[in-house]
Amino acid sequence: MSNKIAIIGAGASGLVAAIVAARRGAKVHVYEKNNKIGKKILATGNGRCNVTNQHIELSNYHGSKPSFVNPAINHFNASTCKAFFAELGVELVEGQRGRLYPRSLQSSSIVELLVYECKRLHVEFFLETKVESISKNSKGFSLHVEGKSLRVDKVLVATGGLAMPTLGSCDSGYEFAKIFGHTIVPTHPSLVQLVCKEDLKPISGVKVEGSIEVYEDGQTKTHASGDILFTNYGISGSAILDISRVVSHSLLYKRALHVKIDLLPEYSKEQLKNLLKKRQKHSNGKSVALWLDGFINSKLARFIEKSLHVKSSDDLNNKELTKLVYILKNITLHVDDTKGFKTAEVTAGGVNTQDINSQTMESKLQRGLFFSGEVIDIDADCGGYNLHWAWASGMSAGNNIGQG
Ligand SMILES: Cc1cc2nc3c(=O)[nH]c(=O)nc-3n(C[C@H](O)[C@H](O)[C@H](O)COP(=O)(O)OP(=O)(O)OC[C@H]3O[C@@H](n4cnc5c(N)ncnc54)[C@H](O)[C@@H]3O)c2cc1C
């Protein structure tokens, strides 16, 4: 008799698991509450899908026990990932910082080819079908869907996390896990924009290539460099997404946070002061803002001018120049909040890894119950690492759930 399995969630992880389990001869049913398969995949990488990264390292992964990812990412590494997608017909090409994208630069190609392979293997999809609950008796598992009870031998919970509910995210997976005694590590948004106390409307829209340092209760916690975008609510951009996990975690425990932004990391303090002194030779009575214009963004120049006591660049004495250098290299902002799960790309926290077998993705508390992807207490840096975890854990779960 064939092994009848149910996968809850037709996202990145569920689709790979469905393919692998079906290749092993299992009869696979996939339940998805959205009206579309792979809705979140379509939104990834700004519609281009950053599938994975050339350099998949343990240090890119986070959670209560990051080493939980080791068996899955050692088995399904960047080259196995490339080979898996090549077999489906997807050629991956490298972008910046080792990021790999489909050559078509269309996330839809990834979804279409995954779905084609699923259908070729007779995987059955049930769309607009929300699984409400799961129970277990001596005959197997029952999925409770729209007042009906569906019997299966094994279940994979691939329901994702809480990030971007418009794409289908919800807390179902955590509720299913709790039924069987699993605990949930408190969740918080990651890869998310930050809300600041200061009024940044005057510099909203200004983007710099800067560096940023995070301080929690006065102690430095982390730093990043790259794009920093000032917005009317706070800060966004790649450097902000990179620090957001640490910030969001500190906010969860209500710790006082501030950040310092270096607008000109390419200059040391001394170099910058010398440069400004040189520029002063041609100040010709210009206001500080106009004098800085052409060197930094004009909106930033006007914003910074307000923090100085002099208005004319001719009047900047040594003390004022030192202050100006400090400001340019230490824009200090107090972080109040994140933009939350509504706009976050990823969920940190989730089903506690201590009760999941990292080799098989099977629950240690309930045989036949498996977990994969973002629902687990694993999240990663920006750069293809989150999707890689979804594919790799889906591969591991699919291989093991698919065994008769
Ligand atoms: C805008 C955006 C861009 C991103 N870009 C990238 C990127 O370029 N590279 C990268 O590595 N990562 C990226 N990520 C993160 C990455 O998309 C996720 O980590 C990954 O998709 C998680 O896969 P998953 O299968 O675990 O969950 P999901 O892909 O979220 O799939 C879970 C599915 O389960 C369904 N579901 C939930 N509950 C139920 C239920 N009770 N019944 C039925 N169905 C249910 C949901 O509708 C959903 O379709 C991005 C995320 C976002 C939001």
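All values reported here derive from a predicted model rather than from experimental measurement.

Neighbouring the ligand are 33 residues, the closest being Ser-13, Glu-32, Ser-172, Glu-374 and Leu-387. In this structure, Lys-40 approaches the ligand through a side-chain N or O atom, which is 3.4 Å from an oxygen atom. Interatomic distance of 2.9 Å between a side-chain N/O atom of Ser-172 and a nitrogen atom of the ligand. Protein contacts shield 96% of the accessible area of the ligand, which totals 1,000 Å² for the unbound molecule. Within the residue set of the shell around the ligand, elements represented by two or more residues are α1 (12–23), α2 (39–43), α6 (172–179) and α12 (385–401). No other element matches the 4 residues that α12 contributes to the shell around the ligand. Of the residues belonging to the shell around the ligand, the class tally is 12 nonpolar, 15 polar and 6 charged.

Turning our attention to the environment of Gly-160. When you line up the elements, Gly-160 lands in the loop between β11 (154–157) and α6. Residues Gly-160 and Ser-79 lie 81 residues apart in sequence; the distance between their C-alpha atoms is 25 Å.

Another point: the environment of Ser-135. By secondary structure assignment, the location of Ser-135 is in strand β8 (residues 131–137). For Ser-135, a relative accessible area of 30% corresponds to the partly exposed category. Taking the C-alpha atoms as reference, Ser-135 lies 34 Å from Tyr-253; in sequence the two are 118 residues apart. Ignoring sequence-local partners within four residues, the contact set of Ser-135 consists of Gly-140, Phe-141, Ser-142, His-144 and Phe-180.

Turning our eyes to something else, we now look at the domain arrangement of the protein chain. Partitioning the protein chain into structural domains gives domain 1 (4–188 + 349–401) and domain 2 (193–339). A straight line from the C-alpha centre of domain 1 to that of domain 2 covers 40 Å. Each side of the interface is counted separately: domain 1 has 8 residues, and domain 2 has 7 residues. Surface buried jointly by domain 1 and domain 2 totals about 620 Å² across both partners, of which 51% is contributed by carbon and sulfur atoms.

Bringing the nonpolar core into the picture now. Within soluble globular proteins, side chains that are nonpolar generally end up buried alongside one another. Grouped together as the largest cluster of nonpolar side chains are 79 residues, with contacts concentrated most on Val-28, Phe-85, Leu-114 and Trp-391. When near neighbours in sequence (up to four residues on either side) are disregarded, Val-28 contacts Ile-5, Ile-7, Ala-18, Ala-21, Ala-22, His-122, Val-123 and Glu-124. Within the second largest apolar cluster, 43 residues are counted, among which are Val-208, Leu-272, Trp-291 and Val-325.

Let us look at a positive patch on the surface. A grouping of Lys-299, Arg-302, Lys-306 and Lys-311 is seen on the molecular surface, where their side chains present a positively charged patch. In this structure, Lys-306 sits in the loop between α10 (298–305) and α11 (318–329). Residue class for Lys-306 comes out exposed when judged on its relative accessible area of 66%.

Looking now at the pairing of strand β9 (residues 140–145). The element β9 is largely enclosed, with a buried count of 5 among its 6 residues. When β8 meets β9, the two strands line up antiparallel, connected through 6 bridges. Paired with Ser-135 across the two strands is Ser-142, which belongs to β9. The loop that links β8 with its antiparallel partner β9 comprises 2 residues. For β9 and strand β10 (residues 148–152), the ladder comprises 5 bridges, and the chain directions are antiparallel. Paired with Ser-142 across the bridge in β10 is Arg-151. Two successive antiparallel strands, β9 and β10, enclose a turn made up of 2 residues, where Glu-146 displays a positive phi of approximately 45°.

Moving on: the sheet that holds strand β2 (residues 27–31). Taken in spatial order, the 5 strands of this open sheet run β7-β2-β1-β11-β20, and their pairing is parallel. Edge positions in the sheet fall to β7 (124–126) and β20 (369–371), since each has one partner strand and no second. Looking at each pair of strands side by side, their axes are set apart by 20° on average, direction ignored. Judged from the 3 bridges that link them, β2 and β7 form a sheet pairing that is parallel. Of the residues in β7, the one forming a bridge with Val-30 is Phe-125. Along the sheet, α12 makes contact with β1 (4–8), β11 and β20, crossing β11 at roughly 175°.

As a further point, take the pattern of salt bridges. Opposite charge on two side chains lets them pair, provided their charged atoms get close. Under the criterion given, the structure shown has 13 salt bridges. We note a salt bridge from Asp-153 to Arg-151, for which the minimum N-O separation is 3.2 Å. Residue classification places Asp-153 among the partly exposed positions, given a relative accessible area of 26%. For the salt bridge of Arg-255 with Glu-216, the shortest nitrogen-to-oxygen distance reads 3.8 Å. Here the residue Arg-255 occupies a position in the loop between α7 (238–252) and β17 (257–262), and Glu-216 occupies one in strand β14 (residues 207–216), the gap between them amounting to 39 residues. The partly exposed category is assigned to Arg-255, whose relative accessible area is 34%. Take Glu-216: its relative accessible area is 10%, and that puts it in the buried class. Put simply, Arg-23, Glu-87, Glu-117 and Arg-120 are held in one network by salt bridges that share partners.

Glancing now at the packing of aromatic side chains. Tallied over the entire structure, the rule returns 8 aromatic pairs. A centroid spacing of 6.1 Å and a plane angle of 70° characterise the contact between Phe-141 and Phe-180, whose relative ring orientation is edge-to-face. Taken as a pair, Phe-141 in strand β9 and Phe-180 in the loop between α6 and β12 (184–190) lie far apart in primary sequence, 39 residues in all. Among the residues examined, Phe-180 registers a relative accessible area of 12% and is labelled buried. These aromatic residues form a ring-pair network of at least three members: Phe-76, Phe-84, Phe-85 and Trp-391. Of note, Arg-48 hangs over the ring of Tyr-101, and the distance from its end group to the ring centre comes to 4.5 Å.

Thresholds, definitions, all that
- Residues numbered from 1 in each chain as written.
- Predicted model: local features only at pLDDT ≥ 70, side-chain atom pairs only at ≥ 80, totals over all residues.
- Heavy atoms only, no water.
- Near = heavy atom within 4 Å.
- Polar contact = N/O pair within 3.5 Å; in protein donor to acceptor, adjacent residues only side chain to side chain.
- Areas by Shrake-Rupley, 256 points an atom, 1.4 Å probe, with all protein chains shown as cover.
- Helix = DSSP H or I, 4+ residues; strand = E, 2+ residues; numbered from the N terminus.
- Nonpolar A, V, L, I, M, F, W, Y, C, P; charged D, E, K, R; others polar.
- Buried < 20%, exposed > 50% of the residue type's maximum accessible area, 1.4 Å probe, protein only.
- Contact = heavy atoms within 4.5 Å.
- Domains from an automatic or database assignment.
- Buried area = accessible area lost by both parts, 1.4 Å probe.
- Core = buried A, V, L, I, M, F, W, Y, C linked by side-chain atoms within 4.5 Å.
- Patch = residues over 30% accessible without salt bridge, like charges linked within 9 Å, V, L, I, M, F, W, Y side chains within 5 Å.
- Salt bridge = Lys/Arg side-chain N within 4 Å of Asp/Glu carboxyl O.
- Lys, Arg positive; Asp, Glu negative; His and termini not counted.
- Charge placed at Lys NZ, Arg CZ, Asp CG, Glu CD.
- Pairing = 2+ DSSP bridges.
- Axes fitted to C-alpha atoms, helices over the stretch in contact; angles between N-to-C directions.
- Phe/Tyr/Trp six-rings, centres within 6.5 Å; stacked < 30°, edge-to-face > 60°.
- Lys NZ or Arg CZ within 6 Å of the ring centre and 35° of its normal.

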